[in-house]
Amino acid sequence: MNSIIELHDVSVTYPNGQSALKAVSSVLQNGTIYGLVGANGAGKSTLFKAIMGFVQPTTGYVRIAGKQIKQALKENLVSYVPQTEEVDWNFPVLVEDVVMMGRYGHMGFLRRPSKDDRKAVSESLDRVGMSDFKKRQIGELSGGQKKRVFVARALAQGSRIILLDEPFTGVDIRTEDSLINLFRSLASEGHLILVSTHNLGSVPSFCDEVMLINKELVAHGPVETAFTEENLIKAFGGMLRHHRLVGTDLHKDEDSRSVTVLTDDERPLVLYGEEGVEKITQPGDKT
Amino acid sequence: MMELLLEPFAYNYMIKAIWVCALVGGTSAFLSSYLMLKGWSLMGDALAHSIVPGVALAYLLALPYAIGALFAGLLASLSMVIVKQKTKLREDATIGLIFTAFFSLGLLIVSINPTSVNIQAIILGNILAISDDDVLQVVLISIICLIILCLKWKDLVAVFFDENHARSVGLQVSALKILFFTLLSAACVAALQTVGACLVIAMMITPGATAYLLTDKFSRLIMIAVALGTSTSAIGAYLSYFMDANPGGFIVSLQTVIFLIAFVFAPKYGLIKRKVIVHG
């Protein structure tokens, strides 16, 4: 089955007249990790909400696997991992209860868990390494653990499409790495993973494709071609810190390659090479 | 001694008072588990007051007053939801705004038609003087509420915890919210008659708040709250016989005492345990 998200000319204008998305059209395929990159207020969350049907596009429409959103949600085709601050952490639920909520769409009228449901919950908890914490109240977890519980809930739901809103915010490096590994293996199993982030430096290390938005879609394509300095500046405008060290700043020989560092205060994006043909560099790369 | 203790059971009105209070107490307690999680604890208070214009109009039109009350309650809760969604007002301002508006409208209707009703009786409620017809209304409302809550409590938890996620697993979020407010309004009507407007508030907060201190699991929280609500209501009504006191006052005082005990001694969140953690 194809788990494709189709965006047809999607615009969202909020009731107060504020335009949040302008004519975004794109197609997202399964088996791919997409990075949704943009500044705060660039419409990342709005795009998520439009895909989930939480806001109605003012113009245009969204199709998921060729279906209307409502139908797609009924069939549990899409799951959503919210930002940490959207959740009430004092809520009296245990970790396993939260993950079990991911199974509600598979259960009958009374939501009585079957053997399959219990199995899905324990497998999902295993997969994110949170089995030992299943009897904890959710507020007792660290930032990274909280994130993993909500990813487990999405896994338990069994959707082919998973949307994650800023999954790396407030998360330690180890959790970030393990989440990235998890996304990779999910993508190789045919899932479509859409991750919103403003953490530029980590995008090349885990995304197959990148969508840059600034209310409108600035660029969408493979990381190598779309994630360029030019597009980033278009997407972020003046909101990026931008440092360029040209060859003469770096060394005294004839080497004219330059280093460009783009950052919005998280992990920076580093570009290195001849001007105009600079390549993304990653920690440990040999140039 | 035994004879004295059994004395209340010799009177039909006492037996009736005890089990009707228990039923209403259990229903209110079930709802309190949800209310206190959303910062909606004062919703019970608000609804109890918002019901007044409905009751007054129902009397005016010679309809069963429960219908008028339910209608007014629903209208009030929907108005609160709409004002909350469409403005940036805080929850407390929204609730206060709507319920005073409804309450004053009720007073206005009553003052224009002074012959229409004895609103006092409704607002204060008295289980000892309740008529059989009214008992039937209260019992039907409570039982229907409890049945629906038992069937749908998990869906409601999912909606209260994470609305967006509830939608993404295909739950009918808006329908469930309307269902909850309908149950709440209905339960308010029932509780009003037994304990009166002021004490409805307590019955819709205290059991849930006490249970919250005692467990981290929602299913257990509901069970504890309902057990507390039911037992304190029955015992309060029973004890009121000996003191010749208002049952409502007794019930809520009992609930408060249990809350205080939990506040100090709760195994995980009690004052003592917390002190130990801080110092040791």
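Residues numbered from 1 in each chain as written. Chains lettered and ligands numbered in written order. Predicted model: local features only at pLDDT ≥ 70, side-chain atom pairs only at ≥ 80, totals over all residues. Heavy atoms only, no water.

Overview of the overall build of chain B
In plain terms, the rule: Under the scheme used here, helices are H or I runs from DSSP no shorter than 4 residues and strands are E runs no shorter than 2 residues, and both carry numbers assigned from the N terminus. Think of it in three bands: residues with accessible area under 20% of the maximum for their type are buried, residues over 50% are exposed, and the middle band is partly exposed, with areas taken using a 1.4 Å probe on protein chains only. Note on definitions: a residue-residue contact is assigned when non-hydrogen atoms from the two residues lie within 4.5 Å. Only the protein chains shown count as covering a residue, and every accessible area follows the Shrake-Rupley method with a 1.4 Å probe. A residue counts as positive if it is Lys or Arg and as negative if it is Asp or Glu; His and the chain ends are not included. Positions of charges follow a simple convention, taking NZ of Lys, CZ of Arg, CG of Asp or CD of Glu.
Looking only at helices and strands, chain B has 14 helices and 0 strands in total. Listing every helix and strand of chain B by position from the N terminus yields α-α-α-α-α-α-α-α-α-α-α-α-α-α. When the backbone C-alpha atoms are referred to their principal axes, chain B occupies close to 65 × 60 × 35 Å. Burial status across chain B gives 52% buried among its 280 residues. For chain B, long-range pairs separated by at least 24 residues make up 74% of all intrachain contacts whose partners lie at least 6 apart in sequence. Accessible surface computed for chain B: about 12700 Å², of which carbon and sulfur atoms make up 71%. Of the charged side chains in chain B, 16 are positive and 13 negative; the average position of the first set lies 18 Å away from that of the second.

Focus: the packing of aromatic side chains
Just so we agree on the cut-off: For Phe, Tyr and Trp, where Trp contributes only its six-membered ring, two rings pair if their centres lie within 6.5 Å, and the inter-plane angle classes them as stacked under 30 degrees, edge-to-face over 60, or tilted in between. In our convention, an over-ring charge means Lys NZ or Arg CZ found within 6 Å of a ring centre and within 35 degrees of that ring's normal.
Applying the stated criterion to the full structure yields 20 aromatic pairs over all chains. Pairing phenylalanine 183 of chain A with phenylalanine 206 of chain A gives two aromatic rings, centres 6.5 Å apart and planes at 50°, and the pair type is tilted. Remark: phenylalanine 206 of chain A occurs in helix H7 (residues 203-206) and phenylalanine 183 of chain A occurs in helix H6 (residues 173-188); sequence separation between them is 23 residues. For the pair formed by phenylalanine 183 of chain A and phenylalanine 206 of chain A, the shared burial category is buried. Over the ring of tryptophan 89 of chain A we find lysine 146 of chain A, and its NZ or CZ is 4.7 Å from the ring centre. The ring of phenylalanine 109 of chain A carries the charged tip of lysine 152 of chain B above its face, separated from the ring centre by 3.9 Å.

Notes on the pattern of salt bridges
To be explicit about the condition: Salt-bridge detection follows one rule: a side-chain nitrogen of Lys or Arg within 4 Å of a carboxyl oxygen of Asp or Glu.
Following the criterion strictly, the structure yields 15 salt bridges over all chains and no others. Between arginine 111 of chain A and aspartate 155 of chain B there is a salt bridge whose closest N-O contact spans 2.6 Å. Pair noted here: arginine 111 of chain A is in the loop between helix H3 (95-101) and helix H4 (115-127) and aspartate 155 of chain B is in helix H7 (residues 132-161), and the two residues belong to different chains. For aspartate 155 of chain B, a relative accessible area of 2% puts it in the buried group. Salt bridges linked by common partners bring Arg111 of chain A together with Lys152 and Asp155 of chain B together as one network.

Regarding the packing of helix H2 (residues 12-35) of chain B against H7 of chain B
All names here are of chain B. Inclusion rule: Angles run from 0 to 180 degrees between N-to-C directions of axes, and those axes are lines fitted to C-alpha atoms, restricted for helices to the stretch in contact. For classification, angles of less than 35 degrees are called roughly parallel, those exceeding 145 degrees roughly antiparallel, those between 65 and 115 degrees roughly perpendicular, and all remaining angles oblique. Crossing handedness is read from the near helix: turned anticlockwise from the far helix by less than a right angle, it gives a left-handed crossing, and turned clockwise, a right-handed one.
Running from N to C, H2 and H7 cross one another at 25°; their axes reach a closest spacing of 9 Å. Compared by their axis directions, H2 and H7 come out roughly parallel. For H2 against H7, the interelement crossing comes out left-handed.

A short note on the sheet that holds strand E8 (residues 209-214) of chain A
Residue and element names in this part refer to chain A. Rules: One requirement defines pairing of two strands: DSSP has to find at least two bridges between them.
Taken in spatial order, the 6 strands line up as E5-E6-E7-E3-E8-E9 in an open sheet, and their pairing is mixed. Each edge of the sheet is formed by a strand with only one pairing partner; in this case those strands are strand E5 (78-81) and strand E9 (216-222). In this sheet, neighbouring strand axes are inclined to one another by 15° on average, regardless of whether the strands run parallel or antiparallel. For strand E6 (residues 161-165) and strand E7 (residues 192-197), the ladder comprises 5 bridges, and the chain directions are parallel. The partner of aspartate 165 across the bridge, within E7, is serine 196.

A look at the packing of helix H4 (residues 65-86) of chain B against helix H9 (residues 173-195) of chain B
Residues and elements named next belong to chain B. Here is the rule we go by: The classification used treats Ala, Val, Leu, Ile, Met, Phe, Trp, Tyr, Cys and Pro as nonpolar, Asp, Glu, Lys and Arg as charged, and all other residues, Gly among them, as polar.
Where H4 contacts H9, the axes come no closer than 9 Å and their chain directions differ by 135°. By the angle class used here, H4 and H9 are oblique. Here H4 and H9 pass one another in a crossing that is right-handed. When H4 is examined against H9, the residues Tyr65, Ala66, Ala69, Leu70, Gly73, Leu74, Ser77 and Val81 are found in contact with a partner set consisting of Phe181, Thr182, Ser185, Ala186, Val189 and Gln193. For the contact of H4 with H9, a count of residues per class yields 9 nonpolar, 5 polar and no charged.

Quick look at the sheet that holds strand E4 (residues 59-64) of chain A
For sheets, the rule is that strands pair by backbone hydrogen bonds, running either parallel or antiparallel. Residue and element names in this part refer to chain A. Ordered in space as E2-E1-E4, the 3 strands form an open sheet in which the pairing is antiparallel. Sheet topology places strand E2 (19-28) and E4 at the edges, where each strand pairs with a single neighbour. Recorded for the sheet is a direction-independent mean angle of 20° between the axes of neighbouring strands. Along the sheet, helix H1 (residues 44-52) makes contact with strand E1 (5-13), E2 and E4, crossing E1 at roughly 120°.

A short note on the interface of chain B and chain A
Using the following cut-off: When two components associate, each loses some accessible surface as probed by a 1.4 Å sphere; the sum of these losses over both components is called the buried area.
Facing 26 residues of chain B, the contacting portion of chain A comprises 34 residues. Interface of chain B and chain A: buried area, both sides summed, is about 2600 Å²; carbon and sulfur atoms make up 60% of it. Considering only the surface of chain B that becomes buried against chain A, Lys154, Phe161 and His165 of chain B emerge as the three largest contributors, covering 26% of it. Counting the contacts that link chain B with chain A gives 4 salt bridges.

Here we look at a nonpolar patch on the surface
Residues and elements named next belong to chain B. Keep this limit in mind: The patch calculation keeps residues exceeding 30% relative accessible area without a salt bridge and links them within 9 Å when they carry like charges or within 5 Å when they are nonpolar (Val, Leu, Ile, Met, Phe, Trp, Tyr).
Together, Met1, Met2, Leu4, Leu5, Leu6, Phe9, Ile15, Trp19, Phe242 and Met243 give the surface a local cluster of nonpolar side chains, amounting to about 1000 Å² of exposed area. Contributing elements (two or more residues each) for the nonpolar patch: helix H1 (2-6), H2 and helix H12 (218-243). It is H1 that provides the largest number of residues to the nonpolar patch, a total of 4 residues. Following the sequence through the fold, methionine 243 ends up in helix H12. Residue methionine 243 is classed as exposed on the basis of its relative accessible area of 56%.

Here's the deal with the confidence of the model for chain A
Definition in use: pLDDT is defined as a per-residue confidence score from the predictor, taking values between 0 and 100.
With 94% of its residues at a pLDDT of 70 or more, chain A shows a mean pLDDT of 88. Within chain A, no element has a lower average pLDDT than helix H10 (residues 247-250) of chain A, which sits at 71, and none a higher one than H3 of chain A, at 96.

Brief notes about helix H3 (residues 43-60) of chain B
All names here are of chain B. Worth spelling out the cut-off: The span expected for a helix works out to 1.5 Å for each residue beyond the first. The quantity called bend is, for any residue, the angle between two axes fitted respectively to the seven residues ending at it and the seven beginning at it.
Along its 18 residues, H3 runs 26 Å from first to last C-alpha, staying within 8% of the 26 Å computed at 1.5 Å per residue. Of all bends in H3, the biggest is about 30°, found at valine 52, and the proline proline 53 comes one to four residues later. Most of H3 sits out of view: 15 of its 18 residues are buried. Positive backbone phi, approximately 60°, marks alanine 62, located one or two places after H3.

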